[in-house]
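Observations on the model geometry
One-letter residues, chain by chain:
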Amino acid sequence: MPFILSFLIALLSVWWIHPLLVKIALDKNIVDNPNARKLQRKPVPVLGGIAVFFGSVIGLGCAGFWYDCSELFIVVVAMMIMLYTGTLDDILDLSPALRFLIEIFTVLLLVYIGGYSLNDFHGLWGIHQIPQYVAVPLTVVAAVGIINAINLMDGVDGLSSGYCILTSIFFGVMFWAVGDWSLSILALVAAGSLIPFFLHNLFGKTSKMFIGDGGTLVMGIVISVFVMRTLTHGTCCEIYDAEHVGLIPFMLAVLSVPVFDTLRVMTTRILKRKSPFHPDKTHLHHMFIRLGCSHAATTLAILLLNLFVALCGWLSNLAGCSIDVQLYIVVIASLLITVGLYNFMEYQIRHKTHLLLILHRFGYRTHLNRTGIFFWLQKKMDRM
């Protein structure tokens, strides 16, 4: 019952504050303006991260009546640092170097004050606990990578928020199953905070608001905490070792699309002698848009692809595969849905094949904004 109440309080808090933030953003011109690289055609408010942070903190505060969530204080501090950094970046366009320094500092806070660290491989390649001098730089690289991978997913309506809802549910169930109540509550309130935003972002017109860098950095640090907690030596997650569940394969399966797609994009840019941080339209979601898919269909397709990799990892565990084999299966599946699928579809687009015509026709049919159902949903969301 306390879990459900915390979830509902977070959800209702965002539902209440969302229209207020839209009004403030429009009045103060805190908007994301369209340009050649972006997909929207008009300015859109960009304070969604504040709504998500607000709902998460309110939900955690109320959960404190039933459970001791004091260990999450440092996590809330880290979320607040990311919120300020991302919101300032949305408004003032901070330099990438400054953002990276702040992200590294925030991760180090979690390591040295919160005790979160990637210091246990849980039997992968026969490795268990690793020394601190290896664990700390590994944690920083992995966490900063995850934060920026989540940030780079924010390209079409509902994608980053939909993915973070899915990921929070995965981790929430996992932490709940082993009795890690604090982290399961954090996952639940994060999912609850994102749901109203997701619905407005996908179906709203006058109520549409982007999550912005503030929101993606907040969720990036939260998901990094989930990963670090899972791979920290001595936590409840060690229960899975006895069941031969590969925790690192599980992490990679849940993070497959953002991590592997970001690695593909950055590698391609480096091979073309460009900066890996040079913005372009070569992400997986851009490919679906070029095929003519709507934003809703693109979001659904990418979430299903991510679920496919998670399913592959789960089935490999059920089949009795070793932890090492589970990892190889997850990596191969992830490469197939990112590198393989992207290059295959780009070939169809470049050569204007017959398959491309079929995909364009299918993509056109996914545009729900041409149907009465969509207009009904849009009116409902804008009135709330």
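Owing to the predicted nature of the structure, the values given are computational and were not obtained by experimental measurement.

**Some thoughts on the overall build of the protein chain**
- Helices and strands together make up the secondary structure of the protein chain, namely 16 helices and 2 strands.
- If you line up the protein chain on its principal axes, its C-alpha atoms span 50 × 50 × 40 Å.
- A separation threshold of at least 6 residues defines the contact pool for the protein chain, and within that pool the share at least 24 residues apart is 75%.
- On the protein chain, roughly 17600 Å² of surface is accessible, and the fraction owed to carbon and sulfur atoms is 70%.
- Averaging the locations of the 25 positively and 21 negatively charged side chains of the protein chain gives two centres separated by 18 Å.

**Examining the nonpolar core**
- Val75, Leu110, Tyr116, Tyr163, Leu186, Ile221 and Phe226 are the most contacted members of the largest nonpolar core, which has 100 residues in total.
- It is helix 7 (residues 181–203) that contributes the most residues to this core, 11 residues altogether.
- Ignoring any residue separated from it by four or fewer positions in sequence, one finds Val75 in contact with Leu110, Tyr116, Leu186 and Val225.
- Among the nonpolar cores identified, the runner-up in size contains 12 residues, and Val14, Val46, Met209 and Phe210 belong to it.

**Here's the deal with the confidence of the model for the protein chain**
- Mean pLDDT over the protein chain stands at 85; residues scoring 70 or higher make up 92%.
- The spread of mean pLDDT over the elements of the protein chain runs between helix 16 (residues 372–383), the lowest at 59, and helix 4 (residues 96–112), the highest at 93.

**Some points on a nonpolar patch on the surface**
- Taken together, the side chains of Trp125, Ile127, Val325, Tyr328, Ile332 and Leu336 make up a nonpolar region of the molecular surface, amounting to roughly 570 Å² of accessible area.
- Position of Val325 among the secondary structure elements: in helix 14 (residues 323–351).
- Val325 sits in the partly exposed class, given a relative accessible area of 33%.

**Some remarks on the pattern of salt bridges**
- Counted under the stated rule, the structure contains 8 salt bridges.
- Close ionic contact of Asp27 with Lys23 constitutes a salt bridge, the shortest N to O distance being 3.2 Å. Here Lys23 and Asp27 lie together in helix 1 (residues 2–27), a separation of 4 residues that amounts to about one turn.
- On the accessibility criterion, Asp27 (53% relative accessible area) is exposed.
- On the accessibility criterion, Lys23 (54% relative accessible area) is exposed.
- In this structure, Arg290 engages Glu346 in a salt bridge whose closest nitrogen and oxygen atoms are separated by 2.5 Å. One end of the pair, Arg290, is in helix 12 (residues 284–290); the other, Glu346, is in helix 14, with 56 residues separating them in the sequence.
- Residue Arg290 is classed as partly exposed on the basis of its relative accessible area of 30%.
- Salt bridges here are not isolated pairs; linked through shared partners, they connect Asp89, Arg99, Glu103 and Asp213.

**Focus: unusual backbone geometry**
- Even without a glycine there, the phi angle at Asp93 is positive, about 60°.
- One can find Asp93 in the loop between helix 3 (73–92) and helix 4.
- Even without glycine at this site, Arg273 takes up a positive phi of about 60°.
- Here Arg273 shows up in the loop between helix 11 (256–271) and helix 12.

**Observations regarding the environment of Thr299**
- Tracing the sequence through the fold places Thr299 in helix 13 (residues 295–318).
- Along the backbone, Thr299 and Gly162 are 137 residues apart, and their C-alpha atoms lie at a distance of 7.4 Å.
- The contacts of Thr299, once residues within four sequence positions are left out, are Val156, Asp157, Gly158, Leu159 and Phe198.

**A short note on the packing of helix 6 (residues 159–177) against helix 10 (residues 247–254)**
- One can describe the packing of helix 6 onto helix 10 by two numbers: an axis separation of 11 Å at closest approach and a directional angle of 160°. In terms of orientation, helix 6 lies roughly antiparallel with respect to helix 10. For the element pair helix 6 and helix 10, the recorded crossing hand is right-handed. Residues Tyr163, Thr167, Phe170, Phe171 and Met174 of helix 6 form the contact with helix 10, whose participating residues are Leu247, Phe250, Met251 and Val254.
- Per-class residue counts for the contact of helix 6 with helix 10 are 8 nonpolar, 1 polar and no charged.

**So, the packing of aromatic side chains**
- What the rule picks out here adds up to 6 aromatic pairs.
- Centre to centre, the rings of Tyr67 and Trp181 are 6.4 Å apart; their planes meet at 25°, and the pair counts as stacked. Of this pair, Tyr67 sits in the loop between helix 2 (48–63) and helix 3 while Trp181 sits in helix 7, placing them 114 residues apart in sequence.
- Here Trp181 falls in the partly exposed class, since its relative accessible area comes to 35%.
- Seen in terms of ring centroids, Phe171 and Phe250 are 5.7 Å apart; in terms of plane orientation they differ by 80°. Their pairing is edge-to-face. With a gap of 79 residues between them, Phe171 in helix 6 and Phe250 in helix 10 connect regions that are remote in the sequence.
- Residue class for Phe171 comes out buried when judged on its relative accessible area of 0%.
- In this structure, Arg264 is placed above the aromatic ring of Tyr342, and the distance from its NZ or CZ to the ring centre is 3.8 Å.

**Examining helix 13**
- Here helix 13 is 24 residues long and its end C-alpha atoms lie 35 Å apart, about the 34 Å a rise of 1.5 Å per residue gives.
- Positive backbone phi, approximately 85°, marks Gly320, located one or two places after helix 13.

**Describing the state of the cysteines**
- This structure, assessed with the given rule, holds 0 disulfides.
- As a non-bridged cysteine, Cys236 has Cys237 as the owner of its nearest cysteine sulfur, 6.9 Å distant.
- On the basis of relative accessible area, Cys236 is assigned to the partly exposed category, the value being 33%.

Reading the values: the criteria
Within each chain, residue numbers correspond to sequence positions counted from 1 in written order. In keeping with the predicted nature of the model, local features appear solely for residues at pLDDT of at least 70, side-chain atom pairs appear and are counted solely at 80 or more, and the whole-chain, interface and lining totals rest on all residues. Calculation of side-chain values draws on the structure's entire complement of heavy atoms; hydrogens and water are dropped beforehand. In this text, helices come from DSSP runs of H or I with a minimum length of four residues, and strands from runs of E with a minimum of two, each type numbered from the N-terminal end. The criterion used for residue contact is that any of the two residues' heavy atoms lie within 4.5 Å. Residue-level accessible areas treat just the shown protein chains as cover; the underlying method is Shrake-Rupley with a 1.4 Å probe. This count recognises Lys and Arg as positive and Asp and Glu as negative, with His and chain-terminal groups excluded. Charge positions are represented by NZ for Lys, CZ for Arg, CG for Asp and CD for Glu. In this description, a nonpolar core means a group of buried Ala, Val, Leu, Ile, Met, Phe, Trp, Tyr and Cys residues linked to one another through side-chain atoms lying within 4.5 Å. The rule is simple: take the accessible area with a 1.4 Å probe, protein chains only, and divide by the maximum for that residue type; under 20% is buried, over 50% is exposed, in between is partly exposed. By definition, pLDDT measures how confident the predictor is in each residue, and it falls between 0 and 100. Candidates for patches are residues over 30% relative accessible area with no salt bridge; among them, like charges are joined within 9 Å and nonpolar side chains (Val, Leu, Ile, Met, Phe, Trp, Tyr) within 5 Å. Just to be clear on terms, a salt bridge is a Lys or Arg side-chain nitrogen sitting within 4 Å of an Asp or Glu carboxyl oxygen. The convention used is that axes are lines fitted to C-alpha atoms, helices contributing only their stretch in contact, and that angles between N-to-C directions extend from 0 to 180 degrees. Throughout this description, any angle smaller than 35 degrees is read as roughly parallel, any larger than 145 degrees as roughly antiparallel, any in the 65 to 115 degree range as roughly perpendicular, and the remainder as oblique. Handedness of a helix crossing follows the sense of rotation of the near helix relative to the far helix, less than a right angle counterclockwise being left-handed and clockwise being right-handed. Residue polarity follows a fixed list, in which Ala, Val, Leu, Ile, Met, Phe, Trp, Tyr, Cys and Pro are nonpolar, Asp, Glu, Lys and Arg are charged, and the others, Gly among them, are polar. Each Phe, Tyr or Trp ring (for Trp, its six-membered ring) is paired with any other whose centre lies within 6.5 Å, and the angle between the two planes then decides the class: stacked below 30 degrees, edge-to-face above 60, tilted in between. By definition, being over a ring means that NZ of Lys or CZ of Arg is both within 6 Å of the ring centre and within 35 degrees of the ring normal. Take the residue count of a helix, subtract one, and multiply by 1.5 Å to get its expected span. Here, the term disulfide refers to a pair of cysteine sulfur atoms separated by no more than 2.5 Å.

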